[in-house]
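Each chain, letter by letter, is given below.
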Amino acid sequence: EDQVTQSPEALRLQEGESSSLNCSYTVSGLRGLFWYRQDPGKGPEFLFTLYSAGEEKEKERLKATLTKKESFLHITAPKPEDSATYLCAVLRKDSGYALNFGKGTSLLVTP
Amino acid sequence: DGGITQSPKYLFRKEGQNVTLSCEQNLNHDAMYWYRQDPGQGLRLIYYSQIVNDFQKGDIAEGYSVSREKKESFPLTVTSAQKNPTAFYLCASSIGLGKTDEQFFGPGTRLTVL
């Protein structure tokens, strides 16, 4: 059974303090790994898709990387507006390409 | 603007009532999905549809029903058989047809059972 585990559950950073969020997965054949950002009371907002080990994607202060067992979301010099819950998900082999989500990492960036 | 709309944003239901949540997309996507989100849990798949007039149960379909009569629309009915319906419901769509592209989500509907 596909599993997605995110760590830490919660992370508090000072503005400018860089860090990484982890997403470890066990799937029988990765078809795609996705990162989303979710603000309270809103739907997830798509950030990145990664398909193969060694792939990297960047967007502003965020950089996502992928290995055969895990993905990292690196946040460089975060700002308070980066505060949100970050969700990791893998494409499922069954269920019509639905997503299997981790529980998320809640990030708080303080001034 | 292309996107996914869900209505209503907030919904209150008395026990024993059925309610229907609306989901509409104008992205010309073939595939649509319903997820449920509870505090401290990941999103869980309720139903999905890859094409008009066809849909499949997800992991937690009991107490829910859907229809897909139009490509743009995928309404979800929460029936009285659903034992813990209070949750945040999210609709999503993707290009579908076997393509591994990203899913786009709507703004969600928060359902509260009184």
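Keep in mind that what you see is a predicted model, and the values were worked out from it rather than measured. (Residues numbered from 1 in each chain as written. Chains lettered and ligands numbered in written order. Predicted model: local features only at pLDDT ≥ 70, side-chain atom pairs only at ≥ 80, totals over all residues. Heavy atoms only, no water.)

Trainee: Can you tell me about the overall build of chain A, naming the residues and giving the values?
Mentor: Across its full length, chain A carries 0 helices and 11 strands. Put simply, chain A runs from its N terminus to its C terminus through helices and strands in the order β-β-β-β-β-β-β-β-β-β-β. Compactness check: chain A gives a C-alpha radius of gyration of 13 Å against a globular reference of 13 Å for 111 residues, within 12% of the reference. Summarising its shape, the C-alpha atoms of chain A cover approximately 45 × 30 × 20 Å along the three principal directions. Evaluated residue by residue, chain A yields a buried proportion of 50% over its 111 residues. Of the contacts made within chain A by residues no fewer than 6 positions apart, 54% connect residues no fewer than 24 positions apart. Charge-centre separation for chain A: the mean point of 14 positive side chains lies 3 Å from the mean point of 15 negative side chains. (Helix = DSSP H or I, 4+ residues; strand = E, 2+ residues; numbered from the N terminus. Rg over C-alpha atoms; globule rule 2.2 N^0.38 Å. Buried < 20%, exposed > 50% of the residue type's maximum accessible area, 1.4 Å probe, protein only. Contact = heavy atoms within 4.5 Å. Lys, Arg positive; Asp, Glu negative; His and termini not counted. Charge placed at Lys NZ, Arg CZ, Asp CG, Glu CD.)

Trainee: So what about the sheet that holds strand E1 (residues 3–7) of chain A? Which residues, and what values?
Mentor: By way of backbone hydrogen bonds, the strands of a sheet pair with one another, either parallel or antiparallel. Residues and elements named next belong to chain A. Reading across the sheet, the 5 strands line up as E1-E3-E8-E7-E6 and stay open at both edges, with antiparallel pairing between neighbours. Looking at strand neighbours, the two that pair on one side only are E1 and strand E6 (56–59), the edges of this open sheet. Across this sheet, the average inter-strand angle for adjacent strands is 15°, counted without regard to direction. With 4 bridges joining them, E6 and strand E7 (residues 62–66) adopt antiparallel strand pairing. When the bridges of E7 are listed, Glu-58 appears paired with Lys-63. (Pairing = 2+ DSSP bridges. Axes fitted to C-alpha atoms, helices over the stretch in contact; angles between N-to-C directions.)

Trainee: Go over the environment of B:Gln56, please, and point to the residues and values.
Mentor: Residues and elements named next belong to chain B. Looking at where Gln-56 falls in the secondary structure, it is placed in strand E6 (residues 54–57). With 10 residues separating them along the chain, Gln-56 and Val-66 place their C-alpha atoms 9.2 Å apart. With residues near it in sequence (within four places) discarded, Gln-56 still touches Tyr-47 and Tyr-48. Of the polar contacts made by the side chain of Gln-56, one reaches the side chain of Asp-54; its length is 3.4 Å. (Polar contact = N/O pair within 3.5 Å; in protein donor to acceptor, adjacent residues only side chain to side chain.)

Trainee: So what's going on with the pattern of salt bridges? Which residues, and what values?
Mentor: Residues and elements named next belong to chain B. Scanning the model with the defined rule gives 7 salt bridges over all chains in all. Residues Arg-36 and Asp-38 are paired through a salt bridge, measuring 2.8 Å at the closest nitrogen-oxygen approach. Ionic pairing is found between Asp-38 and Arg-44, a salt bridge with its closest N-O pair at 2.8 Å. For Asp-38, a relative accessible area of 12% puts it in the buried group. Relative accessible area serves as the criterion here: at 28%, Arg-44 is assigned to the partly exposed category. Here the salt bridges share partners, and the residues they tie into one network are Arg-36, Asp-38 and Arg-44. (Salt bridge = Lys/Arg side-chain N within 4 Å of Asp/Glu carboxyl O.)

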